[in-house]
Amino acid sequence: MKAVISVGILIVILNVKLKHVMYDRIDPDSKGALAFKSCQTTVSIFIQYNAMKYFSVSTTGVVCSLTPLIACILAAILLKERLIFYTIFSVFVVLACVMMIIFGAAGDEAEAMNNNTLAVVALCAQPFLLAGGMIAARKMKKNHPMA
């Protein structure tokens, strides 16, 4: 409902200039990154809310806190940024600790993980999606108002 209201307000305020503001002003090289960022945001919010059904808030938060680490790796691969040894070592240590938290779950959370493999896969994909959104935002030359 909020999205419908937002679109309605944009149409009323921007009126005739809507296409110009939302599409024509975008650098052609940035359109793919903006499309990915928009889709990634929608999917990430969906995963975040559904993960709360199967996992505790702390587990979901710990997994989502991997985003900066994965962003470092993706920045090195996609944006050709340099990482020093200390950064690479730190990324793997923190990644190992988070994996121990996730796969060392006990009680209801362990049962939920065993019964809902798709939920585990979606939760593990969440930091990759969020980091991909960060990289997509960095690839855009000039930030779009919707980014």
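Everything below is about the structure printed above this text.
Predicted model only: the values in this text are computed from it and were never measured.

(A) Quick look at the overall build of the protein. Scanning the protein from terminus to terminus reveals eight helices and zero strands. Listing the helices and strands of the protein from first to last along the sequence gives α-α-α-α-α-α-α-α. Looking at the protein as a whole, 28% of its 147 residues qualify as buried. In the protein, the share of contacts with a sequence separation of at least 24, taken over all contacts with a separation of at least 6, comes to 79%. On the protein, roughly 9,800 Å² of surface is accessible, and the fraction owed to carbon and sulfur atoms is 70%.

(B) Seen up close, helix α6 (residues 85–103). Over its 19 residues, α6 runs 27 Å from end to end, which matches the ideal 27 Å to within 8%, given 1.5 Å per residue. Among the residues of α6, those classed as buried are Val91, Val98 and Ile102. Here the buried residues of α6 occupy an arc of 45° about the axis, which is enough to place them on one side. For α6, the exposed residues lying more than 90 degrees away from the buried face are Phe85, Tyr86, Phe92 and Met100.

(C) Local environment of the packing of helix α5 (residues 67–78) against helix α8 (residues 117–139). In the contact formed by α5 and α8, the axes pass within 8 Å of each other and the chain directions differ by 50°. Between α5 and α8, the angle falls in the class oblique. The interaxial crossing formed by α5 with α8 has right-handed handedness. Here Thr67, Ile70, Ala71, Leu74, Ala75 and Leu78 of α5 come into contact with α8, specifically with Pro127, Phe128, Leu130, Ala131, Gly132, Met134, Ile135 and Lys139. Here the contact of α5 with α8 is composed, by residue class, of eleven nonpolar, two polar and one charged.

(D) Layout of a nonpolar patch on the surface. A surface patch of nonpolar side chains, amounting to about 690 Å² of accessible area, comprises Met1, Val4, Ile5, Ile9, Val12 and Ile13. Tracing the backbone shows Val12 in helix α1 (residues 2–14). Judged by its relative accessible area of 65%, Val12 falls in the exposed class.

(E) Looking closely at the layout of surface pockets. By volume, the largest pocket is sized at about 160 Å³. The wall of the largest pocket is formed by Phe46, Ile47, Asn50, Ala51, Tyr54, Asn116, Leu118, Ala119 and Ala122. When contributions to the lining of the largest pocket are tallied by element, the ones reaching two or more residues are α3 (31–54) and α8. Broken down by element, the lining of the largest pocket gets its largest block of residues, five residues, from α3. Looking at the lining of the largest pocket residue by residue, the classes come out as seven nonpolar, two polar and no charged.

(F) Structural context of the side chain of Thr67. Note on placement: Thr67 falls in helix α5. At 2.7 Å, the side chain of Thr67 and the backbone oxygen of Cys64 are in polar contact. Discounting residues that sit within four places of it in the chain, Thr67 has contacts with Pro127, Leu130, Ala131 and Met134.

(G) Inspection of the packing of helix α4 (residues 57–64) against α8 at higher detail. Orientation of α4 relative to α8, taken along the N-to-C sense of each, is 40°, at an axis distance of 8 Å. Relative to α8, α4 is oriented oblique. In the crossing of α4 with α8, the sense of the turn from one axis to the other is right-handed. On α8, the residues touching Thr60, Val63 and Cys64 of α4 are Leu123, Gln126, Pro127 and Leu130. Within the contact of α4 with α8, the residues separate by chemical class into five nonpolar, two polar and no charged.

Cut-off values and rules
- Residues numbered from 1 in each chain as written.
- Predicted model: local features only at pLDDT ≥ 70, side-chain atom pairs only at ≥ 80, totals over all residues.
- Heavy atoms only, no water.
- Helix = DSSP H or I, 4+ residues; strand = E, 2+ residues; numbered from the N terminus.
- Buried < 20%, exposed > 50% of the residue type's maximum accessible area, 1.4 Å probe, protein only.
- Contact = heavy atoms within 4.5 Å.
- Areas by Shrake-Rupley, 256 points an atom, 1.4 Å probe, with all protein chains shown as cover.
- Expected span 1.5 Å × (residues − 1).
- Arc of directions from axis to C-beta.
- Axes fitted to C-alpha atoms, helices over the stretch in contact; angles between N-to-C directions.
- Parallel < 35°, antiparallel > 145°, perpendicular 65-115°, else oblique.
- Left-handed = near helix turned anticlockwise from the far one by under 90°.
- Nonpolar A, V, L, I, M, F, W, Y, C, P; charged D, E, K, R; others polar.
- Patch = residues over 30% accessible without salt bridge, like charges linked within 9 Å, V, L, I, M, F, W, Y side chains within 5 Å.
- Salt bridge = Lys/Arg side-chain N within 4 Å of Asp/Glu carboxyl O.
- 1 Å grid on protein atoms, 1.4 Å probe; cavity = no way out; pocket = protein on both sides within 12 Å on 5 of 7 lines; lining within 4 Å.
- Points joined across faces, edges and corners; volume = space filled by probe spheres on them.
- Polar contact = N/O pair within 3.5 Å; in protein donor to acceptor, adjacent residues only side chain to side chain.

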